[in-house]
Each structure stands twice: as C-alpha cells, then as structure tokens.
Amino acid sequence: MTQTTEPAVVEAAPEPRGSRRVHRAWFVAAVTFVTIIGAAAFRSLPGLLIDPLHQDFGWSRGTIGAAVSVNLALYGLTAPFAAALMDRFGIRKVVAVALTVIALGSGLTVWMTAAWQLMLCWGLLVGLGSGSMALAFAATVTNRWFTERRGLVTGILTAASASGQLIFLPLLSWIVEKHDWRPAAVTVALAALAVVPFVWLLLRDHPADVGLKPYGAAEFVPKPEPAVGAARRAVTVLLKASRTGTFWLLAGTFAICGASTNGLVQTHFVPAAHDHGMPVQAAASLLAVIGVFDVVGTIASGWFTDRFEPRRLLAVYYALRGISLLFLPMLLAPSVHPPMLFFIVFYGLDWVATVPPTVALCREQYGDDSAIVFGWVLASHQVGAALIAFLGGVARDVFGSYDMVWYASGALCAAAALMALVIRRRPPVAVLAVS
C-alpha cells in the first residue's frame, strides 16, 4: 500500500526550492564566464610583446616565440591534470589558486632582465596557471551542472575567452604603445587577481552542494566522493583513451585548430600586420574584432551542436578556416580595407567554433571521463599552438615574412576537415570509468 507513495516523497525532497525560478546552474555558468574573461587577459598580451621585447632586450622573435610556446604547451598539458584535481579538491579551490599563479607570473615579468626569466614567468608560471583555467574547466562545469543545453552552454563558456580578448586587447595595445609593456603586464596580473573573490564566494562545485538537480535532469544526482590519485587518474584515462582511433583523430584535428588560432593568428597577426605598415593599435583592434565575431560564432556553434552531427560541423569549420587563411597574405596592408574586414568577420565566426562539437564527441565517446579526455585533446591543441608560435617566429627571422606560415596553416586545416569526417560515431560508453 505504502509502496506507491514513498518514491514521490523521495524524489521531491532533493529540490525543495528554486524549482520555479531561474536554475542555479545558470548563475554558476555566469560566474564561470566572468572568471574565464578575467583569465583571458593574459592571452591578449603575447602578440603585443613580441616587438617591444625585441626592441628592449634585443631578443630574437624566435626566442620570444619559444617562451610563448612553453606557455601554450603547458596551458594544454596542465588541463587534464587540472580536471582531475577539480574532481579531487573542487572547482573553486583549483581555479582560485590558478588565477593567483597567473597574477604572480605576469607581475614578475616587470623585473626580468634575461630571456630565461621570460621562460620562467610567462612560460612556466602563467602556463601552469592558465592550464588550470583551460576549456577543461568549462567542460567540467557543463558536465556537472547541465544535462540539457550542454552544447549551448559550452559555446557560451568558450566564447568567454574571446570576450576577454575583446575587452583587453584594445586596452593593452594602448598601454603598450603609450606607456610601455610593463604596465600592461601589471594590468594582466591585477585582472586575474580581481576575479579570485568572485570565484571563492559565488562558484559552487556541484548541484548537490545547494540541494539541486543538474539543469534538465529528471532525478537528483548525489555529489560523488572526492577522487583520489588525480595524476594517476589523468594518466590512466589517457592510456585507455589512446587505444581508440577516435581519440587520435580528435587530438589531431584539435592540434591543427590550435596551430591555426592561438599559435598563429593570436601570437603573430599583430607583428605580421605591423610588418606591412599597419599601426599596432589598428592591428590589435582587428584582433579584438575577431573576438566579437568569435562570441557570435561559438555560441551559434553550441546551438548547432545540440541539433546537427558534430563531425560534419567540424569538417565545415576547418575547411572554411583553411580557405580564409590562404587569402590572408594578400590582404595585409598599411591600412584597413573592406576585404580585410571581411576576413576578420569570416575568420572570427570560425575562431573556436570547433570547441562545442569536439566536447560533444568526447562526451559521447568517453562518458564520465569526457572532461579529462577533453583535457588531453586540449593538450594537443596547445602543442599545435606552441609549435606554430615558435616556428612562426623562426620563419619570420629566416624568410623576413609570415607568408609561408599562413599557407601551411591553410593546408593543415584542409587535412583537419578530412580527419573530422573519418571519426566514427558511437553511443555513449562507460569503458573509461576509473575507480
């Protein structure tokens, strides 16, 4: 007799409040968005520092590019371990520490006098801190707090990096041009520190912490026990994922994504445009405009990912990006003209539109371990970015221009489009669960 009433009571208990109001998950997503914007300030600076550091210290562009490469590589390689650390210690603690490390590394560059100090501060410290603030952070928040609208939320959180670029690039380029690069480095440090109180006071690790279901979930999800052995788990997940062909295809395409965005355009677009006589502030403003359309493109990509096959979306994105990069050497000029503006809009819409479908494929293939798997896929993204950041600087030193790098990146994007189509879709599996 009582068996028919007990389940209804148990099911209603976990969510006694807020059921008819805006779900707490959206507030957590908003705090995450603001946090990533604050952390994105440091990503706006490297491309603006190449010429000033070359002039101040006489360091070659290859040397400066090597420091940026260390930063980009660590940004990716730290991500899977950070995702595992979030499972162990909680999102809030890991992100707060990461922002503090970013601020420390950026602030210390003010006193550097040798290239190895640039490697230490900007390469090591900022690289490690930023790696803990990578897109694996967004994937972890999305996986824990949402069961519906995951593609859309992933797109919004991914767009936060572009929003940070939009906010800080014009400001930092003005500071570098009018007041030298050191005040710009201090601005980045302060921006990272300013976000720490918001993270500590407003971010929550799991819906169960506030007695809620994940957004769109039919049932209450208990908070899992803290995962022990974060480093071991990250490596174990990598070893198991690496036995699948899908992992290597995702890693390969995302490496090309990093090479053709962070490594190439974000690092070398401003100095390349300056080589053609364009003022630094004008070039930085164009890069910021890319950020404007990146926000639109990435959110739209999240919406598309909820409705269309992710593989085909990736193929289209990479093919269009490759075409745009092949035309860029012909568009660089001393002034901004309509064809260049068309490139900025077109390329901006595609900048990180690849992230939502890539996250969706990781989630589909690797289930509960998808955030860590995506962390390793992101590591490949940053390794690709690091290689191009370094090789782009070397190519400029050797050939006197960046043209060869633009053409090579366009060809790589065509290869990535083909690789995306080869990925086989499978239903969600649990083969990578690690105890």
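Since we're looking at a predicted model, the values are computed, not measured.

What counts, and at which threshold
Residues numbered from 1 in each chain as written. Predicted model: local features only at pLDDT ≥ 70, side-chain atom pairs only at ≥ 80, totals over all residues. Heavy atoms only, no water. Helix = DSSP H or I, 4+ residues; strand = E, 2+ residues; numbered from the N terminus. Buried < 20%, exposed > 50% of the residue type's maximum accessible area, 1.4 Å probe, protein only. Contact = heavy atoms within 4.5 Å. Areas by Shrake-Rupley, 256 points an atom, 1.4 Å probe, with all protein chains shown as cover. Polar contact = N/O pair within 3.5 Å; in protein donor to acceptor, adjacent residues only side chain to side chain. Axes fitted to C-alpha atoms, helices over the stretch in contact; angles between N-to-C directions. Parallel < 35°, antiparallel > 145°, perpendicular 65-115°, else oblique. Nonpolar A, V, L, I, M, F, W, Y, C, P; charged D, E, K, R; others polar. Core = buried A, V, L, I, M, F, W, Y, C linked by side-chain atoms within 4.5 Å. Salt bridge = Lys/Arg side-chain N within 4 Å of Asp/Glu carboxyl O. Expected span 1.5 Å × (residues − 1). Disulfide = S-S within 2.5 Å. Phe/Tyr/Trp six-rings, centres within 6.5 Å; stacked < 30°, edge-to-face > 60°.

Caption draft 1: Highlighting the overall build of the protein. Broken down by element type, the protein carries 18 helices and zero strands. A total of 435 residues make up the protein; the buried ones form 57% of that total. Within the protein, contacts between residues at least 6 apart in sequence are counted, and of these 84% link residues at least 24 apart. For the protein, the exposed surface amounts to about 17,500 Å²; the carbon and sulfur share of it is 69%.

Caption draft 2: View of the side chain of R311. Among the secondary structure elements, R311 is positioned in helix 14 (residues 310-331). Among the polar contacts listed, one links the side chain of R311 to the backbone oxygen of I423, at a separation of 2.9 Å. Leaving out residues up to four positions away in the same chain, R311 has contacts with L361, A420, L421, I423 and R425.

Caption draft 3: Region of interest: the packing of helix 4 (residues 61-89) against helix 17 (residues 370-399). Relative orientation of the contacting elements helix 4 and helix 17 amounts to 180°, with a least axis distance of 7 Å. In terms of orientation, helix 4 and helix 17 fall into the roughly antiparallel class. Residue composition of the contact of helix 4 with helix 17, grouped by class: 21 nonpolar, seven polar and four charged.

Caption draft 4: How the structure looks around the side chain of T305. Along the chain, the position of T305 falls in helix 13 (residues 280-305). The exposure class of T305 is buried, given its relative accessible area of 10%. Contacts of T305, omitting those with residues within four sequence positions, involve L313, P356, P357 and A360.

Caption draft 5: Representation of the environment of T35 within the structure. Position of T35 relative to the elements: it lies in helix 2 (residues 24-39). Placed 156 residues apart in sequence, T35 and A191 show a C-alpha to C-alpha distance of 10.0 Å. Here T35 is in contact with V95, L99, M133, F137, V195 and V199, once residues within four sequence places are set aside.

Caption draft 6: Summary view of the nonpolar core. Ranked by size, the top nonpolar core spans 85 residues in total, and within it L45, V265, F269, M340 and W406 carry the most contacts. Ranked by residues supplied to this core, first place goes to helix 17 with ten residues. Sequence-distant contacts of L45, that is, excluding residues within four places in its chain, are made with W122, L172, V176, A184, A185 and V188. Counting 32 residues, the second-largest nonpolar core is a separate cluster that includes A103, V141, A160 and A192.

Caption draft 7: Local environment of the pattern of salt bridges. Counted under the stated rule, the structure contains six salt bridges. Note that E309 and R311 form a salt bridge whose closest N and O atoms lie 2.4 Å from each other. A relative accessible area of 16% means that R311 is categorised as buried. Several salt bridges converge on common partners, so that one network encompasses D56, D180 and R182.

Caption draft 8: Expanded view of helix 11 (residues 245-260). Its 16 residues give helix 11 an end-to-end C-alpha distance of 23 Å, which sits within 8% of 22 Å, the value for a rise of 1.5 Å per residue. Burial within helix 11 is extensive, with 13 of its 16 residues counted as buried.

Caption draft 9: Broad picture of the state of the cysteines. Going through the model one piece at a time under the given rule, you end up with zero disulfides. Unpaired in terms of disulfides, C413 finds its nearest cysteine sulfur in C257, a separation of 8.0 Å.

Caption draft 10: Molecular detail of the environment of V94. Here V94 lies in helix 5 (residues 91-108). With twelve residues separating them along the chain, V94 and A82 place their C-alpha atoms 7.4 Å apart. Not counting chain neighbours up to four residues away, the residues in contact with V94 comprise A82, L85, M86 and S132.

Caption draft 11: View of the environment of G155. With respect to the element layout, G155 can be found in helix 8 (residues 150-179). The class of G155 is buried, set by a relative accessible area of 0%. Not counting the four nearest positions on each side in its chain, G155 is found in contact with T298, I299, G302 and P356.

Caption draft 12: Main features of the packing of aromatic side chains. Applying the stated rule across the entire model yields twelve aromatic pairs. Taken together, a centroid distance of 5.3 Å and an interplanar angle of 80° make the contact between F247 and W248 edge-to-face. Judged by relative accessible area, F247 falls into the buried class, the value being 3%. Accessibility expressed as a relative area gives 52% for W248, which makes it exposed. A centroid spacing of 5.6 Å and a plane angle of 70° characterise the contact between W303 and F304, whose relative ring orientation is edge-to-face. By relative accessible area, W303 is classed as partly exposed at 40%. Overall, F304 belongs to the partly exposed group, its relative accessible area being 31%. Site record: aromatic cluster; members linked through ring pairs are W26, F146 and Y215.

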